[in-house]
Amino acid sequence: MLDFSELPVVDVHCHPYTAKPQLSADEWVDEVSFGGGSADYLRAGGMNADESALAMLQRVKRDTMYFRFLCRRLAEYFDVEPTVDAIVAARNRSIAADGYPAYAGALHRAGKIETLIVDDGYPLPQVDLDGFRAEVGVEVVPLLRIEVLIQDLLAAECGWDEFSRAYDDRIAAALTDGGYKGLKSIIAYRTGLDIAPGSRSNDQGRIALEKIRGARGRGGDAVKHLRDHLFCRAIERCIDFDAPFQVHTGMGDWEVHLEACRPALLMELLRYPAYRACKFLLVHTGYPYHAEAGYIANVLPNIWCDISEGLPFAGNAAKRIIAEVLEMAPISRVCYGSDTYNTPEPFYASALLGKRALAAALGELVDDGFMTVAEAHETAKLILADNARELYGLG
Amino acid sequence: MLDFSELPVVDVHCHPYTAKPQLSADEWVDEVSFGGGSADYLRAGGMNADESALAMLQRVKRDTMYFRFLCRRLAEYFDVEPTVDAIVAARNRSIAADGYPAYAGALHRAGKIETLIVDDGYPLPQVDLDGFRAEVGVEVVPLLRIEVLIQDLLAAECGWDEFSRAYDDRIAAALTDGGYKGLKSIIAYRTGLDIAPGSRSNDQGRIALEKIRGARGRGGDAVKHLRDHLFCRAIERCIDFDAPFQVHTGMGDWEVHLEACRPALLMELLRYPAYRACKFLLVHTGYPYHAEAGYIANVLPNIWCDISEGLPFAGNAAKRIIAEVLEMAPISRVCYGSDTYNTPEPFYASALLGKRALAAALGELVDDGFMTVAEAHETAKLILADNARELYGLG
Amino acid sequence: MLDFSELPVVDVHCHPYTAKPQLSADEWVDEVSFGGGSADYLRAGGMNADESALAMLQRVKRDTMYFRFLCRRLAEYFDVEPTVDAIVAARNRSIAADGYPAYAGALHRAGKIETLIVDDGYPLPQVDLDGFRAEVGVEVVPLLRIEVLIQDLLAAECGWDEFSRAYDDRIAAALTDGGYKGLKSIIAYRTGLDIAPGSRSNDQGRIALEKIRGARGRGGDAVKHLRDHLFCRAIERCIDFDAPFQVHTGMGDWEVHLEACRPALLMELLRYPAYRACKFLLVHTGYPYHAEAGYIANVLPNIWCDISEGLPFAGNAAKRIIAEVLEMAPISRVCYGSDTYNTPEPFYASALLGKRALAAALGELVDDGFMTVAEAHETAKLILADNARELYGLG
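The following refers to the structure shown.

Here is what the cut-offs are and how they apply
- What you see as residue numbers is a count from 1 along each chain, following the sequence as written.
- Just so you know, chain letters begin at A and ligand numbers begin at 1, following the order they were written in.
- pLDDT decides what is reported in this predicted model: residues at 70 or higher carry local features, side-chain atom pairs at 80 or more are listed and counted, and totals for whole chains, interfaces and linings draw on all residues regardless.
- Hydrogens are left out, water is left out, and the side-chain values use all remaining heavy atoms of the structure.
- Comment: axis = line fitted to C-alpha atoms, over the contacting stretch for helices; angle = value between 0 and 180 degrees taken between N-to-C directions.
- The secondary structure listing takes helices from DSSP runs of H or I that are at least 4 residues long and strands from runs of E that are at least 2 residues long, numbered from the N terminus.
- Every angle not falling under 35 degrees, over 145, or within 65 to 115 is termed oblique; those three ranges are roughly parallel, roughly antiparallel and roughly perpendicular.
- What makes a crossing left-handed is the near helix being turned counterclockwise from the far one by less than a right angle; a clockwise turn instead makes it right-handed.
- Here a residue-residue contact requires only that any non-hydrogen atoms of the pair lie within 4.5 Å.
- The rule is simple: take the accessible area with a 1.4 Å probe, protein chains only, and divide by the maximum for that residue type; under 20% is buried, over 50% is exposed, in between is partly exposed.
- Two parts placed together each lose some accessible area; with a 1.4 Å probe, that loss summed over both constitutes the buried area.
- The salt bridge criterion pairs a side-chain nitrogen of Lys or Arg with a carboxyl oxygen of Asp or Glu, the two atoms within 4 Å.
- The term polar contact refers here to a pair of N or O atoms within 3.5 Å; inside protein, the definition further demands a hydrogen-donor-capable atom paired with an acceptor-capable atom, and it admits residues adjacent in sequence only when both atoms are side-chain atoms.
- Just so you know the grouping, Ala, Val, Leu, Ile, Met, Phe, Trp, Tyr, Cys and Pro go in nonpolar, Asp, Glu, Lys and Arg go in charged, and all remaining residues, Gly too, go in polar.
- For the least-squares superposition of copies, only C-alpha atoms count, and only for residues with pLDDT at least 70 in both.
- Ring pairs shown here join Phe, Tyr and Trp side chains whose ring centres sit within 6.5 Å, with only the six-membered ring taken for Trp; geometry is labelled stacked below 30 degrees between planes, edge-to-face above 60, and tilted in between.
- Here, a charge over a ring means that NZ of Lys or CZ of Arg falls within 6 Å of the ring centre while also lying within 35 degrees of the ring normal.
- By nonpolar core is meant a set of buried Ala, Val, Leu, Ile, Met, Phe, Trp, Tyr and Cys residues that side-chain atoms within 4.5 Å join together.
- Here, any two strands with at least 2 DSSP bridges between them count as paired.

1. Let's talk about the packing of helix H4 (residues 65-78) of chain C against helix H5 (residues 84-98) of chain C
Residues and elements named next belong to chain C. Two numbers describe how H4 lies on H5: the axes approach to 10 Å, and their chain directions differ by 50°. Accordingly, the angle class assigned to the pair H4 and H5 is oblique. Crossing hand, H4 versus H5: left-handed. Within the contact between the two elements, H4 uses Phe67, Cys71, Leu74, Ala75 and Phe78 and H5 uses Val84, Ile87, Ala90 and Arg91.

2. So, unusual backbone geometry
Omega for the bond connecting Leu124(A) with Pro125(A) falls within 30 degrees of zero, at -5°, which places this linkage in the cis form. Note that the residue after Tyr287(C), namely Pro288(C), is joined by a cis bond; omega there is 0°. Within the secondary structure, Pro288(C) is located in the loop between strand S6 (280-283) and helix H14 (290-299). Phi is positive for Asp242(B), close to 50°, though the residue is something other than glycine. Relative to the assigned elements, Asp242(B) resides in the loop between helix H12 (222-241) and strand S5 (245-248). For Asp242(B), a relative accessible area of 52% translates into the label exposed.

3. Here we look at the interface of chain A and chain C
Facing 37 residues of chain A, the contacting portion of chain C comprises 40 residues. Of the roughly 3,400 Å² buried at the junction of chain A and chain C (both faces included), carbon and sulfur atoms supply 56%. It is Arg276(A), Glu327(A) and Phe370(A) that lose the most area in chain A upon contact with chain C, and together they represent 22% of the buried surface on that side. Inspection of the region where chain A meets chain C yields four salt bridges. Inspection of the chain A/chain C interface yields 16 residue pairs in polar contact (both at pLDDT 80 or more). Of all the elements in the fold, those that place two or more residues in the side of chain A that touches chain C are helix H13 (267-270), helix H14 (290-299), helix H16 (318-325) and helix H18 (373-392) of chain A. If one sorts the elements of the side of chain A that touches chain C by residue count, H14(A) sits on top with six residues. Tallied by class, residues from the side of chain A that touches chain C come to 21 nonpolar, six polar and ten charged.

4. Some details on the relation of the copies chain A and chain C
Each copy superposes on the other: chain A lies on chain C with an RMSD of 0.0 Å after a rotation of 120° and an axial shift of 0.0 Å. This pairing of chains is accounted for by a three-fold axis. Of the C-alpha atoms belonging to chain A, the one lying closest to the rotation axis is found on Tyr289(A), 5.7 Å away.

5. Overview of the packing of aromatic side chains
All chains considered together, the criterion is met by 51 aromatic pairs over all chains. Ring centres 6.2 Å apart and planes at 35° place the aromatic pair Phe245(A) and Phe280(A) in the tilted group. Of this pair, Phe245(A) sits in strand S5 (residues 245-248) while Phe280(A) sits in strand S6 (residues 280-283), placing them 35 residues apart in sequence. For the residue pair Phe245(A) and Phe280(A), the accessibility class agrees, reading buried in each case. Look at Tyr17(B) and Phe132(B): their rings are 4.8 Å apart centre to centre, the planes differ by 75°, and that puts the pair in the edge-to-face class. One end of the pair, Tyr17(B), is in the loop between strand S1 (9-14) and helix H1 (25-32); the other, Phe132(B), is in helix H7 (residues 129-136), and 115 residues separate them in sequence. Considered together, Tyr17(B) and Phe132(B) belong to a single accessibility category, that of buried residues. Grouping aromatic residues by their ring pairs yields a cluster made of Phe34(A), Tyr66(A), Tyr122(A), Phe313(A) and Tyr341(A). A cation over a ring is seen here: Arg333(A) above Trp304(A), with NZ or CZ 3.9 Å from the ring centre.

6. Some remarks on the nonpolar core
Counting residues in hydrophobic clusters, the biggest one holds 414 residues, and the most contacted among them are Trp28(A), Phe245(A), Trp28(B), Phe245(B), Trp28(C) and Phe245(C). Every residue in contact with Trp28(A), bar those within four places of it in the chain, is listed here: Leu23(A), Phe67(A), Leu70(A), Cys71(A), Leu74(A), Val84(A), Ile87(A), Val88(A), Arg91(A) and Glu345(A).

7. A closer look at the environment of Ser24(B)
Position of Ser24(B) relative to the elements: it lies in the loop between S1 and H1. C-alpha separation for the pair Ser24(B) and Val88(B), spaced 64 residues apart in sequence, amounts to 7.3 Å.

8. So, the sheet that holds strand S2 (residues 113-119) of chain B
Within a beta sheet, neighbouring strands are joined by backbone hydrogen bonds and run either parallel or antiparallel to one another. Residue and element names in this part refer to chain B. Read across the open sheet, the eight strands follow the order S1-S2-S3-S4-S5-S6-S7-S9; overall the sheet is parallel. The open sheet has two edge strands with one neighbour each: S1 and strand S9 (334-335). Here helix H17 (residues 344-367) sits on the sheet in contact with S1 and S2, set at roughly 110° to S2.

Given below as C-alpha cells:
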C-alpha cells in the first residue's frame, strides 16, 4: 500500500478567501459545497425561494460524494460524529477558541499544504493577498485573471490604442513588480475555447472594440473577436515574461459555456507556431474531457495539466482522473490543484483526497507493471508539488 | 459484500409490450437483443438478406456482453444450460403451461419490479395499457411521448392555431384525466438537442408550420424550428401541471442523431430562467456522455438522471455508469431505469444487473471512504425506487 | 488468472519499417517513443532547439506510461537493468552479433506475432514491402492509404476525367494484382470525418478539382469537397472488391484534426444505404472516444473496431479501452492492432500489453458473470487474431 500522506503539497490552482468565523450549518454548507443552485437562481426563474425550496437546495448540496467525503474527513479531524451539525459546531468552537488564522493555518498544515497558487479573479471584490498570506501562514503565489482586467478596461470607455496599451502595461506590471507569477483565463465561461490563432492580429482587437464602443452596437461576434484577440495577446505577454498561462478547460460552475469548453477546441491554437514558446496549464485538465488534455500534453511539449476541480468536487472521480490523465500525459506534466475557495476546510479535504487517489492510481500502475514503487513515490512528489514548483520557478 | 437483490424496483423508463407466447430461437433473439441490424436494414442497402446474411446478424446480436449476461441469468432462472436453444425451449414450455400473464408476472416479481413507468411511444401502434397492466401484474405509469402527438398533428393538415391548441389540449388532457404522469421527448432522434431557449416564441411555431404546410416547401430549418418550439412548449405544459419531462440524451438505436445527442447541448436550455421550474429527467443519463449529465445534475437543482439503456444494453458498463454519474450527481437525483421492451426477460435481467452494479459501485464508495454501509443501503433504495417515486408522486 | 501469452497475434493496423541497426540512446528514444515534440517543432515556433530544449524533449518522451512499460518489458527480454542505456546497449549488441533480420524476427516471434497488416502510407518514402517481409519473417499484408494516391494525383496536374479514372484504376489494380487487401484513409488528419454521404456525386469531385486547379484558387471548401468525394468513391471501390476500409478515428499524432476525429461524426455516412455493403474498420476505435465506436459497432452490422494506438501508446489505458469497447461492440467485431512503426521493439511490447490487458479485462467479465473462462479464451483468440483473419480473408 502506497501512502503519500506526509508529502508536501503545492496547490497549483485555488482561490484566496476571507475569514468566515461563525456560520450556521446551512451557511457552512453553502460555503463549502459545490453546485446545487441558490435562492437567487430560483428567484430568477420566477420560483419561490421558500423554506421547502431552500431545504431542497440544501439536500442536493449535501447529497454529493464530494460533500460526503469532506464531512467524513472533517469529522475525523475534529473527532466528532460525521454530521454537519457536529462538524460546524466543532469548527465554530475551534475558531472561537483560537482565532481564525490559527484555525485556517492548522488545517493547511494538517494537509501539508505549503504553497497556494491563487487565481485572483474569484472572489470579487478581490481578497487582499497580504492579509490572506498572513492569515493562512503558507506561501501564496498570485495569478492575474485577464477577464478581470478586460472588465475594467471595457468599463473605462477608452479607445483601442489606450485599451491595448493599458492591457499590455498592466499585465507587464503584474508579472514584474506585482509579484504575479502567471496569467489565467476563463474564456471558456465567456465566448468559448474555439479561438482562431490569427486572432492575435491587432486589427481584430481594434475593429471589435470599435464595434462594441460605437453606434454599430455590440451585436454579432464583436465580443468574441475582442476576447479571442486579448487571449492571444495574453499568450504573447506570457512568452515575453516566461510566465505560464492557466486556461480553464472542462466543467466549471453552472454558468460555464459547456458546448465550448473541451480541451480539443484549443488544439489548433496550442500548436500554432507563434505560441509554442508559451507554457500552457490546462486547468481542471478538462474534466470530464480529461483524456483530451492528457493527449495534448503528450503530443505537444509545452502543455501541463492540473487535476483540480474534478478533484475534489467530482468526489470519487479523483482516482479515475489521475489514472486517465496519466494514460498519455508525461508524469512531469501533471500538477495537483484543488480549485477550492471560501474556507480552509475544502483545501484540507482536497489534499487528503488527492493523496489517497494518487496512492490508488499509482498503486495500480505498479501492480500492472508500468512503474516500480520507487517510481510511484517519485511520481507522487512531482504531481503533488515539484512539477508546479518547476513550472512557476518556486524555491 | 453489499447485496441489494431483495430491494424493490421502480423502472423509471421502459416500454409496454404485447404477449409473444411461442418463439423460435432466432425470433427470440430478435426480440430480446439490442442492435445488430435487421434484414430490412440490409435490403434497404441493396444487399441480399439471404441465409448467410441473417446468420451474420444473429451472430453479432448474440456476441454482445448484454446478451451473454441475459442468457446466463435466464439459464439460472430456468435452471437449464446457458444456451439460446435451452432458454427458449424453457420459456416456451413455461408459457404453454402457465399462460403468458403468469409467466411475465413471475419474471417481474422475481426481479422485485413493482412499478413500470412506460414511454407510450414505442412500440407503435401503441400497446393497450390496461391490458398490459393486467398482464404483468405490476403498477404501470404512462408517459406521453410528444413526437407521437406531433406526428398526428402534422398528418392532420390543420393550421397553426388549431395545431397549437390541439397540442396544448391533448397534453393537458393526458396529464389530468388521462392518467399520464409526465412527458417524454426523443427530439435527439429528430433534429437534435441544440435547442435555442427562445424557440418558445409562438411566432416561431407559426412561421415554421406555415413553411412546412405551404407552397414554400419543407426545406431549410422549418422542421427543426417547429420541433424546437414544440419542445419548449412541452416544458411550459410540464411546469403548468408539475409533471416531469423525460428527455432522451445519449445513444439510442441506429437512427439516433449521434452528433446532436449529448447532454451538454441542453445546458443553455435547462438553465434558462423560464424553464427552471421544470423537472427534467435526462434519459439514459446520456451514455456514453453520462459524466455530462451527472455534472448538469450537480450544478442545476432541477435535473434528474436515469441510468437506463446503458444499463442493461451496454452490459459491463453498468457499474461504470453508476460510479461515474455519482461523481457529481447527488444521490437523490439518480433513478434506475432499463429502457427494456418487447418481452419480460430483459426487464428481469436488467433489474439483476442494476442491483449487482449498484452493489459493486457503492461497495467501492464504501471502501474508499465516501460513505458508510448504511448510507450505501439508503443510496440503493433511493436509486432503485424512492427517487422515482418522489419525482412522479407515486405512493 | 487468465493468461493469453501463448496465443498468436494478427496486428490489424501497423506500419512497415526499415532497418535501424545501431542507435544512440536518444536516437532510440526518438524512434520508439510517442509524442513529445521534436527539434523541428520547436524551431518552427522560433525557439532554440539547444541542448537544454532537446533534454526537455527527451524527458517528456521518457515520462509516459507507454515508454515506462516498453522499457520494463525490454529489460526483461534482454535480461538487463530497466534503463534506456542498458536496453539500447543490449539491442545494439544483439544486432551487431546476429544481424537486423534475426533481431527483428526474434522479437516478432517472441510476441507470437504471425501477421502484420500494414498501412503503406507511413513512413514516406514508402518501405519496400518485399524487403520488409523478408526481414521480419512474418506474413505482411498491405493496405493502400488513399491520401498517398490523392497527393500523387494532385501533383499530376491532370483534369477530372483523368484524375478520377486514375484514382479508380490504381485502387482496382492494388486490390487485384497488387496484393493489397484493403484501403485506409486518414481523412481525419485532413478535412475531418464530417463527410456528407451525398459527396459521392461525380459532379462534386469535378467541381472541386476544377476550383483547385483553376484560376478560382484553392479557397473555400474545395479541398474538403474533393477529399469527401474521394472518400465516398473509395467506399464504392471497397464494395466492388469486397475489401475492408480502415478509417482513422480518434487521436493520432500532433497534427490530427482533433475537433473532427470523433467516430460519431461518421455515423450518418456509415448507415447510408449505399454504403451498407462496405466493411468499415474504425482504426484506433476512436480513442478516447472509443465508446462511440463500440456503440456504432453494436447498432450497425458492418462495423469493426481495432484497438490500436490507444494500445500501446496510451499505456495504462489498454485494459480500459478493451473493457469499454466491449460494453457494446460484439466480440466478433473487435481486432487487436498496435499502430506501431519504426523498429520491432514497440511491436513486441504492444503484443505483451495487449495480452495482459485482455486477460485483465476479460477476467473481470468472468468475475462479473458475463462470460465463462472458456468464452474468455474464445474471445481472446477472436480479438488477437481470428476476427482480423476472417475480415481480411487470411489463411
